[in-house]
Amino acid sequence: MRVALFVPCYVDQFYPKAAIATLELLEKLGCEVHYPKNQTCCGQPMANSGYEHLTSGCNNLFVDNFSGYDYIVCPSGSCTLHIKEHLYADGKEEQATEIRKKVYELTEFLVDVLKVKQLSASFPYKVGLHQSCHGLRGLRIAQMSELVAEPFSKPAQLLDLVNGLELVPLSRQDDCCGFGGTFCVVEEAVSAKMGKDRVADHISHGAQYITSADLSCLMHLEGILRRQNSDVKVIHVAEILNHSM
């Protein structure tokens, strides 16, 4: 199975350990992982700001880099969703369509494609799981609490396989953290208040770490935790699933 690793630009720049953990985890699970070295931003920040008509360069480059693989895996729900829903390339639409079908966020790939039932990971800490909006309401990697439906969570399902990890309950398990990409810039006061509320929920339930499938959310929460001089840390789900004592 030839898997291309799609690393979002902010992960590459600020949280490379999460990308490395994703690579190592996929290799442990038997994947032949490739990293297309010419990959850059997928174009999501421009599209979310109303400039999707200027993303053709990003789209064409993405198609050139990621065509021909069995699967494309990304440690970011928001970037995965952007590619699934917005990747179009003039003159390369057949390739773009194939890519949209093959791109997966990491936890959905592990659960839905690899069907992981066992891990050798160990992480003896109390962990709060933040369900990102893109993952929850876009990719549907977990059930939305406002629906009268059977609950599920692919990240939680995988975290339950980790030795020693205690997943703490939250009062509002799928509230938005307030990041929202450019939302945190144009509505910084609302964004910060939403983030403080999410942090308080995790802290009040004894979380030592906050994890998520989306590092953009964790980056926002980490900024708040640092300003509060909190001992609580953020960590991407890939780093936990790849962690061994």
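Small disclaimer: the values here were computed from a predicted structure and weren't measured. (Residues numbered from 1 in each chain as written. Predicted model: local features only at pLDDT ≥ 70, side-chain atom pairs only at ≥ 80, totals over all residues. Heavy atoms only, no water.)

A.B. asks: What exactly am I supposed to notice about the UniProt feature "domain: Cysteine-rich" (unreviewed entry) in the protein chain here?
C.D. replies: In the UniProt entry, the feature "domain: Cysteine-rich" (unreviewed entry) is given for residues 3-84 and 127-221. Across residues 3-84 one finds 52% helix and 12% strand; the C-alpha atoms that close the span lie 16 Å apart. (UniProt positions renumbered as here; feature names shortened; annotations may be inferred. Helix = DSSP H or I, 4+ residues; strand = E, 2+ residues; numbered from the N terminus.)

A.B. asks: Sorry if this is basic, but what is going on with a nonpolar patch on the surface here?
C.D. replies: On the surface, a cluster of nonpolar side chains totalling about 290 Å² of accessible area is made up of Met46, Tyr51 and Leu54. For leucine 54, the location among the structural elements is in the loop between helix H3 (44-48) and helix H4 (56-66). (Patch = residues over 30% accessible without salt bridge, like charges linked within 9 Å, V, L, I, M, F, W, Y side chains within 5 Å. Areas by Shrake-Rupley, 256 points an atom, 1.4 Å probe, with all protein chains shown as cover. Salt bridge = Lys/Arg side-chain N within 4 Å of Asp/Glu carboxyl O.)

A.B. asks: Looking at this structure, how should I read the environment of proline 155?
C.D. replies: Along the chain, the position of proline 155 falls in helix H9 (residues 154-159). According to the relative accessible area criterion, proline 155 is buried, its value standing at 2%. (Buried < 20%, exposed > 50% of the residue type's maximum accessible area, 1.4 Å probe, protein only.)

A.B. asks: Explain the packing of aromatic side chains to me, please; I cannot follow it from the model alone.
C.D. replies: One pair of aromatic rings is described through two measures. These are the centre distance and the angle between the planes. One pass over the structure, following the stated rule, counts nine aromatic pairs. Ring centres of phenylalanine 6 and phenylalanine 62 lie 4.9 Å apart, and the angle between their planes is 85 degrees; this geometry places the pair in the edge-to-face category. Residue phenylalanine 6 is found in the loop between strand E1 (2-5) and helix H1 (9-14), and its partner phenylalanine 62 is found in helix H4; the two are separated by 56 residues along the sequence. Phenylalanine 62 carries the same exposure label as phenylalanine 6, and that label is buried. Following the ring pairs from residue to residue traces out a cluster consisting of Phe6, Phe62 and Phe66. Against the face of tyrosine 104 rests lysine 84, its NZ or CZ located 5.0 Å from the ring centre. (Phe/Tyr/Trp six-rings, centres within 6.5 Å; stacked < 30°, edge-to-face > 60°. Lys NZ or Arg CZ within 6 Å of the ring centre and 35° of its normal.)

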